[in-house]
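Analysis of the macromolecular model
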Amino acid sequence: MRRSYYIAKAVFLESLKNYTLVSMIVFGVVVLVASLFLNNAMLGEYGKLVVDLELTLPILIGLIIIIFNGTRLVYDEIEKKTIYIYASKPIKRWEFMLGKFLGLTAVFLVVTTIFAILGFLFLMLLHIPVKGQYVLSLFFSIMELMILLSVTMFFSSFSATPILTGVFAFVIYFAGHLAPDIYQYSLMAKNQFVRVLVRIIYYILPNLSYYNITKEVTHNISISINQIYYVISYALLYIVLMMVFSILIFEKKEF
Amino acid sequence: MTEILKAEHLSKIYKSPFFRINHRGIRDVSFSVNEGEIFGFLGPNGAGKTTTLKIIVGIHRADSGRVFVKNIPINDIEYKKHIGFLPENPYFHNYLSAEEFLSITGALYGLNGKKLRERIKEVLEKVGLTKYELRGKRIKNFSKGMIQRLGIAQAIIHEPEIVILDEPLSGLDPIGRKEVRDVILDLKKEGKTVFFSSHILQDVEMICDRVAIIADGKIIKTGILEEMLVKKDGAYEVKLALKESSSFDVIKKFGEISDIEGNTVFVYVDNEESKDKLLETIVKDGFGKILKVNPLHKSLEDEFMRLFNIEEKNEA
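So, how was this worked out
Residues numbered from 1 in each chain as written. Chains lettered and ligands numbered in written order. Predicted model: local features only at pLDDT ≥ 70, side-chain atom pairs only at ≥ 80, totals over all residues. UniProt positions renumbered as here; feature names shortened; annotations may be inferred. Helix = DSSP H or I, 4+ residues; strand = E, 2+ residues; numbered from the N terminus. Rg over C-alpha atoms; globule rule 2.2 N^0.38 Å. Buried ≥ 20, exposed ≤ 12 C-beta atoms within 10 Å, placed from the backbone. Contact = placed C-beta atoms within 7 Å. Nonpolar A, V, L, I, M, F, W, Y, C, P; charged D, E, K, R; others polar. Axes fitted to C-alpha atoms, helices over the stretch in contact; angles between N-to-C directions. Parallel < 35°, antiparallel > 145°, perpendicular 65-115°, else oblique. Left-handed = near helix turned anticlockwise from the far one by under 90°. Expected span 1.5 Å × (residues − 1). Core = buried A, V, L, I, M, F, W, Y, C linked by C-beta atoms within 7 Å. Domains from an automatic or database assignment. Pairing = 2+ DSSP bridges.

Taking an unreviewed UniProt entry as the reference, chain B is identified by name as ABC transporter ATP-binding protein belonging to candidate division TA06 bacterium. As stated in UniProt under Sequence similarities (unreviewed entry), the record for chain B gives "Belongs to the ABC transporter superfamily."

As recorded in an unreviewed UniProt entry, chain A goes by the name ABC transporter permease, listed as coming from candidate division TA06 bacterium.

If you want it as structure tokens, here you go:
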């Protein structure tokens, strides 16, 4: 486990020093500041817009990081043969994969924390009250990104190119948010085969709609503790399963 | 001599995942490396050098056979603590500095804190990287020679008993080659064992004690380099100072005149008996003086080509 930490450290340092993190944060701040100019045009809905924006930005930035960095996380190590350095050292392959996962998760944590702090300051500046759900929503964003990263790592363990992995990740992101609609469709489909097939797809796909509680935050709807437990357990289970599959494939891989 | 690394009957065939086509890997490769020596692993491109290396450092798994370092089998995680590895054309994390990269690789061996910082300084000094301005310099701005040195530094950060180097001199300029060669020789002086894979025969000839030659996935010869390079099947070069040129015809009975400089003649004699008879005739019949008798040595290239040709004929 300690060795995973060192791999994670390498991923984090690399993200920090190749300006991925900095450029993404600058991008987010620019969007936030630009939103100030919409104040007069939003006819009293400005507060909701700002909260919405602040909750969406970490996900958007995380998604960009996954597409550009996450998809190359394992691919580059194999392609550029840095994996030879690690494979000859006393580190197990699962520790390596876990380290990669934790390194990029740390990047998401930093991005989300920075946006949480900026968001608080911004909302205070605009005299918009900060609610508890706001923090929960940011926490859920990290969970969502971790699920998506685990799916990306699973695809990258066998996909031929990072572009293909990126496409898979992107499709999973959108399909994951449509999970409730997919479920509804499985109930309504007349053909038995289609019904079973759609239901299987529903259970395989990560249900990312659980992690979008923007509506609850903006409309001040409370979230039960049971729902929070369920959503966290679901994320952990999904991540563990994806990582186990990724590691099993990676264990068999010859570089 | 104590054996430090032992490979027994290693075989590996690469299978294409879709068409079940087998690609040649290595067959029944066995060798052992003794403690404190520089062991050269020689072979042409595609002979199986890198495959063997990947197996002995744990990157690939052999289909059959066993590898031990200090009697520790390769599937034991302890095994890797005793080896250091520099891959061919190494590539490191572009945006990290040399110190950052070494602190991560050192930490993987359990080094940390002050001990790790001191060790980083030591290895940077040892591989000659301290002569460059490294502060804050990212690896992506390193020259090929600096990358190679950093590669050696990460391979020795944990003070392994055996350092395995895959083509460590390839792509370097003559000065870089000399400097990296010196680093390897220094490792030997410190008592480290070096496993050195190369297809450049001159490099092997210059620094190795023993060699194994691999061709077409099989070891075709293993031995002490000096013994492999002894007399060219008993051939000699005899240097004579002759009194008169009329004695040329007599000399030609025993060997071939390869060069003439004034009254000095160089004679190539291809066996010991002819050499003895030539010398006896020169002295006894008073043709002149014997200036020098040199046993001819093969170059590693000669031996390599000879073995390689035999192997090719056998295959045919």
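Tallying secondary structure elements over chain A gives twelve helices and zero strands in all. Computed over the C-alpha atoms, the radius of gyration of chain A is 20 Å, within 12% of the 18 Å expected from 2.2 N^0.38 for a compact globule of 255 residues. By principal-axis analysis of the C-alpha atoms, chain A measures approximately 60 × 55 × 30 Å. Sorting the 255 residues of chain A into buried and exposed places 40% on the buried side. Excluding contacts between residues fewer than 6 apart, the proportion of contacts in chain A whose partners are at least 24 apart in sequence is 82%.

Our next topic: the interface of chain B and chain A. Contacts between chain B and chain A engage 23 residues on the former and 20 residues on the latter. Of all the secondary-structure elements, those providing two or more residues to the side of chain B that touches chain A are β6 (83-86) and α2 (98-107) of chain B. The leading source of residues in the side of chain B that touches chain A is α2(B), at four residues. Partitioning the side of chain B that touches chain A into residue classes produces 15 nonpolar, five polar and three charged.

Another aspect to go through is the packing of α2(B) against helix α4 (residues 144-156) of chain B. Residue and element names in this part refer to chain B. Orientation of α2 relative to α4, taken along the N-to-C sense of each, is 25 degrees, at an axis distance of 9 Å. Regarding the angle of α2 to α4, the classification is roughly parallel. The handedness of the crossing between α2 and α4 is right-handed. Contact residues: α2 offers A98, F101, L102 and T105, while α4 offers L150, A153 and Q154. Tallied by class, the residues present in the contact of α2 with α4 amount to five nonpolar, two polar and no charged.

Three- or four-residue spacings in an α-helix give side chains the same orientation, since the helix completes a turn every 3.6 residues. All names here are of chain B. An ideal rise of 1.5 Å per residue puts 22 Å on 16 residues; helix α5 (residues 174-189) measures up with 22 Å between its terminal C-alpha atoms. Where α5 is buried, its residues meet β3 (38-42), α4, β7 (162-166), β8 (193-198) and α6 (201-207). Downstream of α5 by a residue or two, G191 has a phi angle that is positive, lying close to 95 degrees.

Further remarks concern the nonpolar core. One finds B:A153, B:I164, B:F195 and B:F196 to be the most contacted residues of the largest nonpolar core, which totals 131 residues. With 13 residues, helix α7 (residues 132-156) of chain A is the largest single contributor of residues to this core. With sequence-adjacent residues up to four places away left out, B:I164 is seen in contact with B:L53, B:I56, B:V57, B:I83, B:G84, B:F85 and B:F195. With eleven residues, the next largest nonpolar core counts B:V238, B:L240, B:I251 and B:V265 among its residues.

Before going further, it helps to spend a moment on the domain arrangement of chain B. Looking at the assigned domains, one finds that chain B contains domain 1 (3-225) and domain 2 (231-297). A C-alpha centroid distance of 47 Å is found between domain 1 of chain B and domain 2 of chain B.

The next thing to look at is the sheet that holds strand β9 (residues 210-215) of chain B. Residues and elements named next belong to chain B. Spatial ordering of the open sheet is given by β6-β7-β8-β3-β9-β10, a layout of six strands whose pairing is mixed. The open sheet has two edge strands with one neighbour each: β6 and β10 (218-224). Strand-to-strand twist of the sheet, defined as the mean angle between neighbouring strand axes without regard to direction, takes the value 15 degrees. Relative to β7, β6 runs parallel, the two sharing four bridges. Its bridge partner being in β7, G84 is matched across the sheet by V163. Docked against the sheet, helix α1 (residues 49-56) engages β3, β7, β8 and β9, running at close to 145 degrees with respect to β7.

The subject of this paragraph is unusual backbone geometry. With a phi close to 70 degrees, A:K81 is a non-glycine residue in the positive phi region. Relative to the assigned elements, A:K81 resides in the loop between α4 (75-79) and α5 (82-87). Its identity is not glycine, yet B:K70 carries a phi of approximately 50 degrees, on the positive side. The topology assignment puts B:K70 in the loop between β4 (64-69) and β5 (72-73). The class of B:K70 is partly exposed, set by 16 C-beta atoms lying within 10 Å.

With that out of the way, let us pick up the pairing of strand β12 (residues 256-261) of chain B. Residue and element names in this part refer to chain B. The element β12 is largely exposed, with a buried count of zero among its six residues. Inspection of the sheet shows β12 paired to strand β13 (residues 264-269) by five bridges, in the antiparallel sense. Residue I260 lies in a different strand from β13, and its bridge partner there is V265.

Let us look at the UniProt feature "transmembrane region" (unreviewed entry) in chain A. All names here are of chain A. The UniProt feature table records "transmembrane region" (unreviewed entry) at residues 21-43, 55-75, 96-125, 145-175, 196-213 and 228-250. Helix makes up 84% of residues 145-175 and strand 0%, with an end-to-end C-alpha separation of 14 Å. In this annotation, residues 196-213 is assigned 50% helix and 0% strand; the end-to-end C-alpha distance for the span is 29 Å.

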